[in-house]
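An overview of the molecular structure
The lines below spell out each chain.
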Amino acid sequence: MAALVAVLVASIVTAAVVAALVGPPIFHEHLIEAGHAADSPELTHIEEAYRDSSLTSLGIALVVAVGCASVVAWYVSRRLQAPLGALTRAAREVSRGHYDRRVALTGASRELDTLAEAFNTMAARLEQVEDTRRQLLSDLAHEMRTPVATVRAYSEGLQDGVVGWDENVAAVLLDQSDRLGRLADDLDDVSRAEEGRIPLDLRPSRVGDLVWSAADAARAAYQLKGVNLVVDADPAAGLTVDVDAQRFGQISANLLGNALRHTAAGGTVTLAALRVDAEVDIRVTDNGEGIPPEQLPHVFERFYRGDTARDRAHGGSGIGLTISKALADALGGSLTAASPGTGEGSTFTVTLPITSIGRPPRPTTTEAATEAATAAGRTGARRSTPPSPGPQEMP
């Protein structure tokens with residue numbers, strides 16, 4: 001308000017000074033041109049009247065203008081003060097850790113509403129980060145509690161002589177130690193992946209080779225549980241992507257392991273690859289438990305497991321999908337999840353940009369021998385050889 005009044009006063013004073021310096025000489029010239037003598041008493045009186053009336057008018061105008069400007073400035077400042085005050089109080093509360101504070105949109109101005117929306121978005125994200133942090137600490141404590149309690153119980157038993165040292169006790173302690181080690185490694189992997197600190201060895205790789213390598217690595221586990229693994233890489237034949245084969249194998253192992261864990265014996269998991277515009281989609285589809293709609297947005301969160309009753313040994317660490325998504329992003333692609341609902345299966349899709357299209361050059365003699373041996377192994381793993389190119393199934 002003071003700034004607006006000061007601007008108004010400065011404007012009127014400036015106008016008065018300019019009028020006082022410029023107006024009288026011009027008025028004097030006009031009087032001379034009108035026929036008044038330069039030393040005429042009437043001329044002096046007329047000029048004094050002009051100056052007095054000008055100063056009086058400007059003085060009255062100044063008082064009226066300051067009064068009107070004060071009213072307008074007070075009204076405008078009140079409209080600005082309320083939302084800015086609310087924003088200040090909300091910011092102070094957020095700084096104290098109360099991330100649920102929000103600012104109402106008052107409509108005072110478009111800029112203030114935009115600022116309020118930005119503040120609310122920031123507060124919501126801070127609240128989400130804080131909730132994730134609390135959940136992470138809680139889940140981490142839960143994950144560590146069981147192996148630590150087991151190691152402590154056996155240690156106390158050995159110390160008190162209640163439990164004797166044998167191969168079973170050694171196996172249990174070693175298993176729980178490995179469990180803690182895997183948890184630490186998983187946490188380190190997901191942190192490095194999300195922060196972009198994982199070194200990548202990007203090389204051109206054929207999509208078909210990547211898909212078949214992933215299927216070959218998972219075949220034994222699928223056979224053990226009795227779940228069918230169907231591979232359909234023909235739609236992506238000849239496509240090449242720049243990937244780190246080891247990291248992609250980590251992604252595919254997590255996705256295939258997750259599908260196997262949620263598919264009952266006799267079910268089917270399909271590993272397919274197909275071109276979509278300038279990208280290739282590698283999809284892992286199962287007809288297992290499916291994902292409820294309310295859980296779908298959380299499947300890539302750390303330690304998230306839809307069935308909270310399952311422990312780490314049976315339900316996975318809850319970090320595998322988080323690591324897979326971070327790795328897919330690091331490879332320049334993406335990882336998404338979709339499911340029609342509970343009991344209707346789910347689909348996880350890895351999308352990678354295509355680096356070249358067309359059949360690769362004919363392999364050398366050594367490469368041809370290796371591919372022939374690999375093909376022979378795949379043929380032996382299939383339930384039957386289809387008469388024409390198409391999906392191939394692994395029991």
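All values derive from a computational prediction rather than experimental measurement.

Take the overall build of the protein next. Check the secondary structure of the protein and you find 9 helices and 8 strands. Looking at the protein as a whole, 33% of its 395 residues are labelled buried. For the protein, the share of sequence-separated contacts (at least 6 apart) that also reach a separation of at least 24 residues comes to 70%. With the model as given, the accessible surface of the protein reaches about 22800 Å², and the carbon-plus-sulfur share is 58%.

Turning our eyes to something else, we now look at the pattern of salt bridges. Summed over the entire model, instances satisfying the criterion amount to 10 salt bridges. Between Arg96 and Glu93 there is a salt bridge; the shortest N-O distance is 3.4 Å. Classification of Arg96 as exposed rests on a relative accessible area of 56%. Given the relative accessible area of 18%, Glu93 is considered buried. Between Arg134 and Glu130 there is a salt bridge; the shortest N-O distance is 3.1 Å. Residue Arg134 and its partner Glu130 are both found in helix α3 (residues 110-160); the two are separated by 4 residues, about one turn of the helix. The class for Arg134 is partly exposed, based on a relative accessible area of 48%.

Extensive coverage of helix α8 (residues 320-330) is indicated by the burial of 8 of its 11 residues. For α8, the complete set of buried residues consists of Gly320, Leu321, Thr322, Ile323, Ser324, Ala326, Leu327 and Ala328. Directly after α8, the chain includes Gly332, whose backbone phi takes a positive value near 85°.

In terms of strand pairing, strand β4 (residues 268-276) meets strand β5 (residues 279-286) through 8 bridges, oriented antiparallel. Considered in β5, the bridge of Leu274 is made with Asp281.

The next point concerns the confidence of the model for the protein. Per-residue confidence for the protein gives a mean pLDDT of 80, with 85% of residues at or over 70. For residues 308-315, every residue scores under 50 in pLDDT, and the model assigns this stretch 18 contacts once sequence neighbours within four places are set aside. Confidence over residues 357-395 falls short of pLDDT 50; this stretch has 54 contacts with residues more than four positions distant or in other chains.

What follows concerns the packing of helix α2 (residues 41-95) against α3. In contact at an axis separation of 11 Å, α2 and α3 are set at 15° when each is read in the N-to-C sense. In terms of their interaxial angle, α2 and α3 are classed as roughly parallel. The element α2 and its partner α3 pack so that their crossing is left-handed. Contacts between α2 and α3 involve Leu80, Pro83, Leu84, Leu87, Ala90, Ala91 and Val94 from the former and Leu112, Leu115, Phe119, Ala123 and Leu126 from the latter.

With respect to the helices, strands and loops of the structure, Thr263 is situated in the loop between α6 (245-261) and β4. Reaching out from Thr263, the side chain makes a polar contact with the backbone oxygen of Ala259 at a distance of 2.6 Å.

Tallied over the full model, the rule gives 1 aromatic pair. Ring plane angle 90° and centroid distance 6.2 Å describe the contact between Phe300 and Phe348, whose orientation is recorded as edge-to-face. On the criterion of sequence distance, the pair formed by Phe300 in the loop between β5 and α7 (312-315) and Phe348 in strand β7 (residues 346-356) is long-range, its members being 48 residues apart. Here Phe300 and Phe348 have matching classes, each one buried. The ring centre of Phe300 lies 5.4 Å from the NZ or CZ of Lys325, which sits over that ring.

A positive phi angle is found at Asp277, which is not glycine, with a value near 60°. One can find Asp277 in the loop between β4 and β5. Given the relative accessible area of 66%, Asp277 is considered exposed.

Membership of the largest hydrophobic core comes to 49 residues, with the highest contact counts inside it found for Val207, Tyr222 and Leu256. Of all the elements, helix α5 (residues 207-225) adds the most residues to this core, at 8 residues. Setting aside chain neighbours within four positions, we find Leu256 in contact with Ala214, Ala215, Ala218, Tyr222, Leu229, Val269, Leu271 and Val284.

Turning our attention to the packing of helix α1 (residues 2-33) against α2. Packed helices, taken two at a time, are described by the angle their axes make and the gap between the axes. One way to put it is that α1 packs onto α2 with a least axis distance of 10 Å and a crossing angle of 165°. It follows from the interaxial angle that α1 and α2 lie roughly antiparallel. Remark: the crossing between α1 and α2 carries right-handed chirality. Here the contact of α1 with α2 is composed, by residue class, of 21 nonpolar, 3 polar and 2 charged.

Tracing the sequence through the fold places Ser339 in the loop between β6 (334-338) and β7. For Ser339 and Leu296, which are 43 residues apart along the polypeptide, the C-alpha to C-alpha distance reads 7.7 Å. With residues up to four places along the chain from it excluded, the contact list for Ser339 reads Gly290, Ile291, Leu296, Gly345 and Ser346. In terms of polar contacts, Ser339 uses its side chain to reach the backbone amide nitrogen of Ile291, at 2.9 Å. Separated by 3.3 Å, the side chain of Ser339 and the backbone nitrogen of Gly341 make a polar contact.

Calculation notes
Residues numbered from 1 in each chain as written. Predicted model: local features only at pLDDT ≥ 70, side-chain atom pairs only at ≥ 80, totals over all residues. Heavy atoms only, no water. Helix = DSSP H or I, 4+ residues; strand = E, 2+ residues; numbered from the N terminus. Buried < 20%, exposed > 50% of the residue type's maximum accessible area, 1.4 Å probe, protein only. Contact = heavy atoms within 4.5 Å. Areas by Shrake-Rupley, 256 points an atom, 1.4 Å probe, with all protein chains shown as cover. Salt bridge = Lys/Arg side-chain N within 4 Å of Asp/Glu carboxyl O. Pairing = 2+ DSSP bridges. pLDDT = per-residue confidence, 0-100. Axes fitted to C-alpha atoms, helices over the stretch in contact; angles between N-to-C directions. Parallel < 35°, antiparallel > 145°, perpendicular 65-115°, else oblique. Left-handed = near helix turned anticlockwise from the far one by under 90°. Polar contact = N/O pair within 3.5 Å; in protein donor to acceptor, adjacent residues only side chain to side chain. Phe/Tyr/Trp six-rings, centres within 6.5 Å; stacked < 30°, edge-to-face > 60°. Lys NZ or Arg CZ within 6 Å of the ring centre and 35° of its normal. Core = buried A, V, L, I, M, F, W, Y, C linked by side-chain atoms within 4.5 Å. Nonpolar A, V, L, I, M, F, W, Y, C, P; charged D, E, K, R; others polar.

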